[in-house]
Amino acid sequence: MRTLARAGALSAVASVALFVAPAAHATPPGDNGTVKIHDATTDEELRHNEPHVCSFYLDAFGFDGGQQVDWRIESWAPTAGVKGETVKSGELALDTEGHGRSDDMTLPDGHYKLFWTFEGEKGSAKHKVFWTDCEESAEPGEPGKPGQSGTPSPDTSATPTAIPSSGTEASAAPSPQGGGSGPGGDLAETGNGAPVALLSGIAATLVAAGGYLLHRRRSA
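Everything numeric in this text was worked out from a predicted model, so none of it was measured.

> Can you help me understand the overall build of the protein chain in this one?
When helices and strands are counted, the protein chain shows three helices and eight strands. Counting helices and strands in the order they occur from the N terminus, the protein chain gives α-β-β-β-β-β-β-β-β-α-α. Expressed as a percentage of contacts within the protein chain between residues at least 6 apart in sequence, the contacts between residues at least 24 apart total 57%. Of the accessible surface of the protein chain, which amounts to about 15500 Å², a share of 58% is contributed by carbon and sulfur atoms.

Structure, rendered in structure tokens:
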């Protein structure tokens, strides 16, 4: 009987230890949430952090419902003029699911650190370091920027008509007179057409006259 009683007592102690152990290691209420830096264009339901932004907001997840949050952003090395100087701060009331987001904001290009403190906090504040970089690239189409889509094309409307090469001029120029056969020789033939016809007529007349005289001579 005593052995059974001892075994029962040990079982009871072990059961209590199993229930108490998780509670002893559980994160205190309010400290199990997280805060992220989000680009202004990022969906607030996404839980990834973006440490390089221009316009941005603070996005909180998993805190206790209805918690009140105080936050501040300090300038940070290596770009801080005065390290630890508060450059922005504000308050935020989380919804019933422990979620909330700040308004969009901007800061001069540089390195910063967010400190996130809240009601019921156990331990140090939540924090995030991040960079802002809003340096704008050259506007598309800016003159003198090769490769930009808006660079004006060279004006071809005023380009002079190409002057024909010397070879083209030579082929178009008329051949000198008396140049033989081909298109260039037509002009020479036209100039000599009348004398040739006249000579042909005279020759025909002489042949006819000779024939006539020969006929009369034979008849005599």
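More follows now that the structure is in view.
> Would you mind showing me how to read a negative patch on the surface here?
On the surface, a cluster of negative charge is made up of Asp 43, Glu 45, Asp 95 and Glu 97. The topology assignment puts Asp 95 in the loop between β5 (86-93) and β6 (100-101). Judged by its relative accessible area of 33%, Asp 95 is partly exposed.

> Explain the pairing of strand β4 (residues 68-75) here, please?
For a regular strand, the rule is simple: side chains alternate between the two faces of the sheet. Alignment of β4 against β5, held across seven bridges, turns out to be antiparallel. Note on β5: the bridge partner recorded for Ile 73 is Lys 88. Here β4 pairs with strand β7 (residues 110-118) via seven bridges, running antiparallel. Directly across from Ser 75, in β7, lies its bridge partner Tyr 112.

> How should I be thinking about the pattern of salt bridges in this particular structure?
Working definition: two side chains of opposite charge can pair if their charged atoms are close together. Scanning all chains against the criterion turns up three salt bridges. With its nearest N and O atoms 3.9 Å apart, the salt bridge here joins Glu 44 to Arg 101. Taken together, the residues Glu 44 in the loop between β1 (34-39) and β2 (52-53) and Arg 101 in strand β6 connect sequence positions 57 residues apart. Assessed through its relative accessible area of 25%, Glu 44 is described here as partly exposed. Using a relative accessible area of 28% as the deciding quantity, one classes Arg 101 as partly exposed. Among the salt bridges present, the one from Asp 104 reaches Arg 101, with a minimum N-O distance of 2.5 Å. Since its relative accessible area comes to 42%, Asp 104 is described here as partly exposed. Connected through shared salt-bridge partners, Glu 44, Arg 101 and Asp 104 make up one network.

> Got a minute to help me understand the sheet that holds β7 in this structure?
Either a parallel or an antiparallel arrangement is found when strands of a sheet pair, and the pairing is made through backbone hydrogen bonds. Pairing is mixed across the open sheet formed by five strands, whose spatial order is β2-β8-β7-β4-β5. With partners counted over all chains shown, the strands left at the sheet margins are β2 and β5, one partner each.

> Can you help me understand the sheet that holds β1 in this one?
The strand order across the open sheet built from three strands is β1-β3-β6, with neighbouring strands paired in antiparallel fashion. Of all the strands in the sheet, just β1 and β6 have a single pairing partner and so form its edges. When strand β3 (residues 56-61) meets β6, the two strands line up antiparallel, connected through two bridges. Considered in β6, the bridge of Asp 59 is made with Arg 101.

About the thresholds
- Residues numbered from 1 in each chain as written.
- Predicted model: local features only at pLDDT ≥ 70, side-chain atom pairs only at ≥ 80, totals over all residues.
- Heavy atoms only, no water.
- Helix = DSSP H or I, 4+ residues; strand = E, 2+ residues; numbered from the N terminus.
- Contact = heavy atoms within 4.5 Å.
- Areas by Shrake-Rupley, 256 points an atom, 1.4 Å probe, with all protein chains shown as cover.
- Patch = residues over 30% accessible without salt bridge, like charges linked within 9 Å, V, L, I, M, F, W, Y side chains within 5 Å.
- Salt bridge = Lys/Arg side-chain N within 4 Å of Asp/Glu carboxyl O.
- Lys, Arg positive; Asp, Glu negative; His and termini not counted.
- Charge placed at Lys NZ, Arg CZ, Asp CG, Glu CD.
- Buried < 20%, exposed > 50% of the residue type's maximum accessible area, 1.4 Å probe, protein only.
- Pairing = 2+ DSSP bridges.

Taken by themselves, the reported measurements are silent on function.
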